[in-house]
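So the chains spell out like this:
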Amino acid sequence: MFISHLYKQKDCVFSIEVFPPKQSTNKEKLYDTLKEMATLHPDFMSVTYGAGGSNGGISTCEIAGYIQNQLEIPALAHLTCVGADRNTIRENLAQLHTAGVHNILALRGDANPNLPFSKEFPHASHLAEEILKQGGFCVAGACYPEGHPEAASLVQDVENLVYKQNAQVSPLITQLFFDNLHFYRFLNLMRKKNITIPVSAGIMPIVNTRQIERTIKLSSASLPPQFTKMIARWQDDPNGLFEAGIEYAIQQIRDLIQSGTDGIHLYAMNNPTVAKKVHEGIQDLL
Ligand code: FAD
């Protein structure tokens, strides 16, 4: 099943993202997590990729194959092209094909001093073109409601999405954000620029203090006052913060679905309890 078809069939596509554990000894735990998440019947599950293939533990391909074949849920394997040449990419595609994985999130990967940008694939759209040339895959892409940090402006970043649209990328999945206004503004801008690809909104529930600094630094998401107020109120109470973070994400998602958003992509941090609680709070709308 190509996930692009889901966006034609459903009002709102619900997906969950997972990441490979650092050590292969955590494989059984991960598979238990995936089984629990599968009981929520997400429309697809995505698996992140360490830029340059540096996972150390279980590979993205193996996990995506498990989701696709054992759990019978469409799997979306992330793939980056930073530091990769055409042969490496073709090997990756052959492995995914053999594993029965037919959906790929084509990404460039972050700038990294140890991994020079690829000459053959300087941008994600070039990787998407290569994947589609090989055939047999649906290709999704990333987008940034507050603009990609390297782009000169949000408008410039949105205009660059035309490269993904021309490369037949569909759907797009957003970077996480905490303020829906950014997402609505971004969508308006996209549609004005005639970028018509369906977009899933990426939402990450913040449920502990460790997550806060790291997530915000990595995503450069801005923080609306109601979010900072929530953190200030609960930062010394782990249980309170957990519940408040889940509730914040539920309210964000409910507003997005009620506004007609094409899809919700849940960054559940490999935590099935988080995924279940959020799902409980939104399932009447899905
Ligand atoms: P690109 O689309 O190449 O964009 C990068 C920059 O170049 C942007 O500023 C864009 O405006 C500009 N640009 C794009 N195309 C062109 C063009 N043709 N000409 C000129 N400029 C252009 N990273 C990982 O390492 N592993 C993961 O699993 C992973 N998963 C992610 C999932 C999602 C949903 C998102 C949003 C990000 C993910 N990332 C992941 C991070 C991602 O790799 C970085 O944000 C990276 O810096 C950009 O990747 P991209 O695919 O958006 O790149």
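Scroll up a little and you will see the structure.
Calculation notes
Residues numbered from 1 in each chain as written. Predicted model: local features only at pLDDT ≥ 70, side-chain atom pairs only at ≥ 80, totals over all residues. Heavy atoms only, no water. Near = heavy atom within 4 Å. Polar contact = N/O pair within 3.5 Å; in protein donor to acceptor, adjacent residues only side chain to side chain. Areas by Shrake-Rupley, 256 points an atom, 1.4 Å probe, with all protein chains shown as cover. Helix = DSSP H or I, 4+ residues; strand = E, 2+ residues; numbered from the N terminus. Salt bridge = Lys/Arg side-chain N within 4 Å of Asp/Glu carboxyl O. Buried < 20%, exposed > 50% of the residue type's maximum accessible area, 1.4 Å probe, protein only.

Participant: Give a detailed account of the site of the ligand, specifying residues and quantitative values.
Facilitator: Surrounding the ligand, one finds 26 residues, the nearest of these being Tyr49, Asp110, His123, Tyr144 and Asp157. The separation between an oxygen atom of the ligand and a polar side-chain atom of Asp110 is 2.6 Å. Measuring from an oxygen atom of the ligand, one finds a side-chain N or O atom of Lys164 at 2.9 Å. Surface burial for the ligand is 86%, taken as the share of its 970 Å² of free accessible area covered by protein chains. Counting residues per element, the ones that place at least two in the shell around the ligand are strand E3 (75–80), strand E4 (103–107), helix H5 (124–134), helix H6 (154–166) and strand E6 (172–174). With four residues, the top contributor of residues to the shell around the ligand is H6.

Participant: With reference to specific residues and values, describe the pattern of salt bridges.
Facilitator: Following the criterion strictly, the structure yields 13 salt bridges and no others. Residues Glu130 and Arg86 are paired through a salt bridge, measuring 2.5 Å at the closest nitrogen-oxygen approach. Here the residue Glu130 occupies a position in helix H5, and Arg86 occupies one in helix H4 (residues 86–98), the gap between them amounting to 44 residues. By relative accessible area, which is 3% here, Glu130 ends up buried. Residue Arg108 is joined to Glu150 by a salt bridge in which the shortest nitrogen-to-oxygen separation is 2.6 Å. Pair noted here: Arg108 is in the loop between E4 and H5 and Glu150 is in the loop between strand E5 (138–143) and H6, with a separation of 42 residues, a long-range link. For Arg108, a relative accessible area of 10% corresponds to the buried category. You can call Glu150 partly exposed: its relative accessible area is 48%. Taken together, the salt bridges that share partners define one network made up of Arg86, Arg90, Glu120, Glu130 and Lys133.

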